Amino acid sequence: MAYQTIDLPATADGLILARSVAGIRSHHSILSRAVSRGELIRIHRGAYVEASTWSAAPPWHRYRLRCRAAALAHPGVVLSHASAAAMWGAPLLTADRRVEVLGSGPRSGRVAGELHYRGSRAPTARIMQVDGVLVTDLPRTLAEFAARASLAEAVVALDWGLHPRGPARVAPTSRNAIRAAAVEVDLVRGAGRLERALAFADGASESAGESLSRVLIAELGFEPPELQHELVLGDGQHVRVDFRWARERIVGEFDGLAKYCSAELRAGRTAEQVVVEEKLREDAIRHRGERVGRWVWADLRAPRRLHAILEALGVPRAAP
């Protein structure tokens, strides 16, 4: 990236820090003009992102960038709750929020500019560094986030944290580890909410959309499905489906569209090839006697649409 033939170094996640270009003559005016031309987005004091990077980033990654920029601008603060969850990589349903950090005591909750200080009985417990900023560790982060979040937000984050994703940047945690963290930090407020979310959470969910689907299926009054059920097709091929109601032979699939847009998930195939393969796969599932229904993010944002899909499929209602 070059502005006025000057290369502006960016961090691995795309942040351009004013302090990293302070040695460049007239760097302030270079950055200001780049913002004026729409080439850079100023996301925090002294922190910028390329406009193309910002526009392509999903909301939770934008929030992560804002959190990291704020932490770098306020040395010593410890990101917590939703902000720590974002730094760990957990999917967030709501990313339009202030940056959350630990306060110095149980009555230290306050808002100061872009920072929301959260009161804490254990301001120094379970703290580590992620990408150059201080954060609460993963079990504590999930415990404190779920204790204050809606059931849907909490389950999405907990499912992600419990998922046995194998070799990855973040190792999965466990219910026991999350409960132990809650005890260690003397979590009182929201303890019941946390326990309810933990009881519902299931690491078998493989995406935020699947997790939110499970919550809505329950809240809409339908029986819970089996997750990641393996079916054997007529040609002997084994396939996994997101949701299945075995007695009724009903299959549900959340279609997050990432499989069509992500080059990594397409694995060298075009989006058109993926669409054709999905259609053939669905036809084969129907051929073995299953009813198949699909839904997308828009259906989750308007639950009455998901209700109509499930009802049309004949998904059984949960017992009162």
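Anyway, here's the lowdown on the structure attached to this text. Bear in mind the structure is a predicted one, so any value in this text is a computation, not a measurement. (Residues numbered from 1 in each chain as written. Predicted model: local features only at pLDDT ≥ 70, side-chain atom pairs only at ≥ 80, totals over all residues. Heavy atoms only, no water.)

The next point concerns the overall build of the protein. In terms of helices and strands, the protein carries 14 helices and 15 strands. For the protein, the residues scored as buried account for 47% of the 320 residues in total. Taking as baseline every contact in the protein between residues at least 6 positions apart, the subset at least 24 positions apart corresponds to 55%. As displayed, the protein has an accessible area near 15,700 Å², and 53% of this comes from carbon and sulfur atoms. (Helix = DSSP H or I, 4+ residues; strand = E, 2+ residues; numbered from the N terminus. Buried < 20%, exposed > 50% of the residue type's maximum accessible area, 1.4 Å probe, protein only. Contact = heavy atoms within 4.5 Å. Areas by Shrake-Rupley, 256 points an atom, 1.4 Å probe, with all protein chains shown as cover.)

Of note in the backbone geometry, His81 takes a positive phi value of approximately 50° without being a glycine. With a phi angle near 50°, Asp131 is a residue other than glycine that sits in the positive phi range. Relative to the elements of secondary structure, Asp131 occurs in the loop between strand 10 (127-130) and strand 11 (133-136). The exposure class of Asp131 is partly exposed, given its relative accessible area of 36%.

Along the chain, His81 turns up in helix 4 (residues 81-88). A relative accessible area of 4% means that His81 is categorised as buried. With residues up to four places along the chain from it excluded, the contact list for His81 reads Glu100, Arg118, Thr141, Glu144, Phe145 and Arg148.

Roughly 280 Å³ of internal volume is contained in the second largest pocket. Around the second largest pocket, the lining is made up of 16 residues, and of these Gly119, Ser120, Arg121, Arg148 and Arg189 lie nearest the centre. Considering each element in turn, the lining of the second largest pocket owes the most residues, three residues, to strand 9 (residues 115-118). Taken together, the residues of the lining of the second largest pocket sort by class into five nonpolar, five polar and six charged. (1 Å grid on protein atoms, 1.4 Å probe; cavity = no way out; pocket = protein on both sides within 12 Å on 5 of 7 lines; lining within 4 Å. Points joined across faces, edges and corners; volume = space filled by probe spheres on them. Nonpolar A, V, L, I, M, F, W, Y, C, P; charged D, E, K, R; others polar.)

Pairing in this open sheet of four strands is mixed, and the strands run 12-13-14-15 from one edge to the other. Of all strands in the sheet, those with a lone pairing partner are strand 12 (226-232) and strand 15 (291-295), marking the two edges. Strand-to-strand twist in this sheet, taken as the mean axis angle between neighbours without regard to direction, amounts to 45°. Pairing geometry for strand 12 and strand 13 (residues 238-245), over six bridges, is antiparallel. Counterpart to Leu231 in the pairing with strand 13 is Val239. The sheet contacts of helix 9 (residues 208-219) involve strand 12, strand 13, strand 14 (250-254) and strand 15, and relative to strand 13 the element is tilted by about 30°. The strands that helix 14 (residues 303-313) touches are strand 13, strand 14 and strand 15; relative to strand 15, the one it contacts most, it runs at about 175°. (Pairing = 2+ DSSP bridges. Axes fitted to C-alpha atoms, helices over the stretch in contact; angles between N-to-C directions.)

Let us now look at the packing of aromatic side chains. Inspection of the entire model under this criterion finds two aromatic pairs. Aromatic pair Phe243 and Trp295: ring centres 5.6 Å apart, planes at 20°, arrangement stacked. Taken as a pair, Phe243 in strand 13 and Trp295 in strand 15 lie far apart in primary sequence, 52 residues in all. Trp295 carries the same exposure label as Phe243, and that label is buried. Plain terms: the ring middles of Phe254 and Trp297 are 5.4 Å apart, the flat faces sit at 85° to each other, and that makes the pair edge-to-face. Taken together, the residues span a long stretch of sequence, with Phe254 in strand 14 and Trp297 in helix 13 (residues 297-301) at a distance of 43 residues. For Phe254, a relative accessible area of 6% gives the class buried. In this structure, Arg110 packs its charged tip against the face of Tyr117, placed 4.2 Å from the ring centre. A cation sits over an aromatic face here: Arg317 above Phe222, 4.3 Å from the ring centre. (Phe/Tyr/Trp six-rings, centres within 6.5 Å; stacked < 30°, edge-to-face > 60°. Lys NZ or Arg CZ within 6 Å of the ring centre and 35° of its normal.)

Turning our attention to the pairing of strand 7 (residues 99-102). Of the two faces of strand 7, the one carrying Val99 and Val101 and the one carrying Glu100 and Leu102 are both buried. Pairing of strand 7 with strand 9 involves four bridges; the strand directions are parallel. The residue of strand 9 that forms the bridge with Leu102 is Arg118.

With respect to topology, three strands assemble into an open sheet ordered 3-5-4, the strand pairing being antiparallel. Edge positions in the sheet fall to strand 3 (15-17) and strand 4 (40-44), since each of these pairs with one other strand and no more. Strand-to-strand twist in this sheet, taken as the mean axis angle between neighbours without regard to direction, amounts to 40°. As paired strands, strand 4 and strand 5 (residues 47-50) are joined by four bridges and run antiparallel to one another. Each bridged residue has a counterpart across the sheet, and for His44 the counterpart in strand 5 is Ala47. Where helix 3 (residues 59-73) meets the sheet, its contacts fall on strand 3, strand 4 and strand 5, and the angle it forms with strand 4 comes to roughly 60°.

All right, on to helix 7 (residues 175-184) then. Of all the residues in helix 7, the buried ones are Ile178, Ala181 and Ala182. For helix 7, the angular spread of buried residues about the axis comes to 100°, placing them on one side. What points out from helix 7, more than 90 degrees from its buried face, is the exposed set Asn176 and Val183. Looking at the buried positions of helix 7, the neighbouring elements they touch are helix 5 (138-148), helix 6 (151-162) and helix 8 (191-200). In the segment just after helix 7, Asp186 is the residue with positive phi, at about 55°. (Arc of directions from axis to C-beta.)

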